[in-house]
Amino acid sequence: MADDAGPNDDTAADRATEPEPSATATSARSSNAENSFQSTYAWSPDEASCAECGGSVAARWRDDGDLVCAACKSW
Ligand SMILES: [Zn+2]
């Protein structure tokens, strides 16, 4: 029990004094950029159906909430 209390206290203290250690902040920032990129673009290694023409494509883009192929995407 004493062993559990120690590490937990250390974690809480670290967060209070330094919420974002530099290494974590850097990786969090790059993953955030990837997430916003993937919200408009979806890559399916096994291919997926276009919501517009039904064709099987690996890369789809979000268009009016649907994932469509490059040909159906209104650019
Ligand atoms: Zn299509």
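Our subject in this report is the structure included herewith. (Residues numbered from 1 in each chain as written. Predicted model: local features only at pLDDT ≥ 70, side-chain atom pairs only at ≥ 80, totals over all residues.)

### Side note on the sheet that holds strand E1 (residues 41-49)
Taking strand neighbours across the sheet as the criterion, the three strands line up as E1-E2-E3 in an open arrangement whose pairing is antiparallel. Here the strands that pair on one side only, and so sit at the sheet edges, are E1 and strand E3 (66-68). Pairwise comparison of adjacent strand axes, ignoring direction, gives a mean angle of 40 degrees for this sheet. Pairing between strand E2 (residues 56-63) and E3: three bridges, direction antiparallel. Paired with Arg62 across the strands is Leu67, a residue of E3. (Pairing = 2+ DSSP bridges. Helix = DSSP H or I, 4+ residues; strand = E, 2+ residues; numbered from the N terminus. Axes fitted to C-alpha atoms, helices over the stretch in contact; angles between N-to-C directions.)

### Considering the pairing of E1
Of all nine residues in E1, zero are buried; the element is thus mostly exposed. Of the pairings in the sheet, the one linking E1 to E2 comprises five bridges and is antiparallel in character. Bridge pairing links Ala48 to Val57 in E2. Between E1 and the antiparallel strand that follows it, E2, lie six residues; Gly54 among them carries a positive phi value of about 80 degrees. (Buried ≥ 20, exposed ≤ 12 C-beta atoms within 10 Å, placed from the backbone.)

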